[in-house]
Amino acid sequence: MALVGLVDDMVKGDTTAHEQARDAILEELGSEALVDAAAVFGNFEMMNRVAEGTGITLPPQVLEREAEMMKTLGLEDTLKSQHL
Amino acid sequence: MIVPDRVTTMSGLANAQVRVRDDLIEMAERSFAAIAAPGGSLSGEERVRVAEAARGSNVNGRLQQFARHLYSSPATVALEHVRYAASDAGDPQTVETIGIVARLSALDRLHTVLGVDLEPLPTPQPGLATGEIARGLKRRRGHVPMPPGPIPVSLDLVPFEAEAFQAMFGPLYMTEEQMGDPLFARDPGLNTPQLETIAARISMLNECFY
């Protein structure tokens, strides 16, 4: 999928692949979609850094609600680290 | 073929090969300006120095080293790194640094995805730090003092930086109201599942559990 490819290529720092991914989005989804993709990509670069820097944890009720799904995804260690 | 349809304004985003939404350009201009303004615990000059260090220039001092680390490798930032920075600078300056680095990361990524050169850092505004720091916040289960609640409140120790952070959600992602609508779609543009696909992918690659 073009959107996932764009993220992967940007994070890898592969300039040629990035240009191809950008062209693929323009062709498949249009220029407004590329702008939206760039914006939301930026937003989560920001959120990830705020989360890691501040060490904020998910509220316990969220972790409890999603515990079953997280076990299914093999995230038991993460659950333990969140004291659940 | 991509046809330029925008002329130069103050922001380099206006030179992108695709038309960038006006709300994004305005947000970027305001956010860059906020980097150079005096904050709660850092002067404009100190804040621009943090931003320079984040991009890899003049990385000297604990706060600057922390800024570079958080900008370039967020997945490896741990409590010990935050405490190391805070032991020298204090919690407010550390929180302010987190905000500056995080916002700069968003702005720089927006530019690189669109194939635009990074915006030069702004000239620092004169004046000392304002001293506006929230009182009575506890460290709880995080690395820094913050009120209980989700991530938008996590920089509330320094209200100036928290406001600048929160002002970016709407243009970059969705407003609070839009987040409550599972059928939200930018038209023309991406719909919620497409936006969330990008959000999930970058968070996975950054190894961000939150």
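Not measured: the values here are computed from a predicted model.

The next point concerns helix α1 (residues 2–12) of chain A. Burial of α1(A) is extensive: 8 of the 11 residues sit out of reach of the surface. Looking only at α1(A), the buried set comprises A:Ala2, A:Leu3, A:Val4, A:Leu6, A:Val7, A:Asp8, A:Asp9 and A:Met10. Next to the buried residues of α1(A) lie α2 (15–28) and α3 (31–54) of chain A together with α5 (91–113) and α9 (192–205) of chain B.

Moving on, we get to the side chain of A:His18. If you trace the backbone, A:His18 turns up in helix α2. Within polar-contact distance, the side chain of A:His18 engages the backbone oxygen of B:Val113 at 3.4 Å. Ignoring any residue separated from it by four or fewer positions in sequence, one finds A:His18 in contact with A:Leu6, A:Asp9, A:Met10, B:Thr112 and B:Val113.

What follows covers the layout of surface pockets. Considering only enclosed or pocket space, the largest pocket measures out at about 1100 Å³ in volume. What lines the largest pocket is a set of 32 residues, and nearest its centre among them are A:Phe44, A:Leu58, B:Ile151, B:Phe209 and B:Tyr210. The element contributing the most residues to the lining of the largest pocket is helix α4 (residues 60–72) of chain A, with 6 residues. Residues that form the lining of the largest pocket fall into these classes: 23 nonpolar, 5 polar and 4 charged.

Residues and elements named next belong to chain B. The residue after Asp187, namely Pro188, is reached through a cis peptide bond having omega 5°. Positionally, Pro188 belongs in the loop between α8 (176–179) and α9. Although it is not a glycine, Asn58 adopts a positive phi angle of roughly 50°. Structurally, Asn58 is set in the loop between α2 (44–54) and α3 (62–72).

All names here are of chain B. Running from amino to carboxyl end, helix α1 (residues 22–36) crosses α2 at an angle of 115°, the nearest separation of the two axes being 6 Å. Compared by their axis directions, α1 and α2 come out roughly perpendicular. In this structure, α1 contributes Ala34, Ile35 and Ala36 to the contact, and α2 contributes Gly44, Arg47, Val48 and Ala51. For the contact of α1 with α2, the per-class residue count stands at 5 nonpolar, 1 polar and 1 charged.

Cut-off values and rules
Residues numbered from 1 in each chain as written. Chains lettered and ligands numbered in written order. Predicted model: local features only at pLDDT ≥ 70, side-chain atom pairs only at ≥ 80, totals over all residues. Heavy atoms only, no water. Buried < 20%, exposed > 50% of the residue type's maximum accessible area, 1.4 Å probe, protein only. Helix = DSSP H or I, 4+ residues; strand = E, 2+ residues; numbered from the N terminus. Contact = heavy atoms within 4.5 Å. Polar contact = N/O pair within 3.5 Å; in protein donor to acceptor, adjacent residues only side chain to side chain. 1 Å grid on protein atoms, 1.4 Å probe; cavity = no way out; pocket = protein on both sides within 12 Å on 5 of 7 lines; lining within 4 Å. Points joined across faces, edges and corners; volume = space filled by probe spheres on them. Nonpolar A, V, L, I, M, F, W, Y, C, P; charged D, E, K, R; others polar. Axes fitted to C-alpha atoms, helices over the stretch in contact; angles between N-to-C directions. Parallel < 35°, antiparallel > 145°, perpendicular 65-115°, else oblique.

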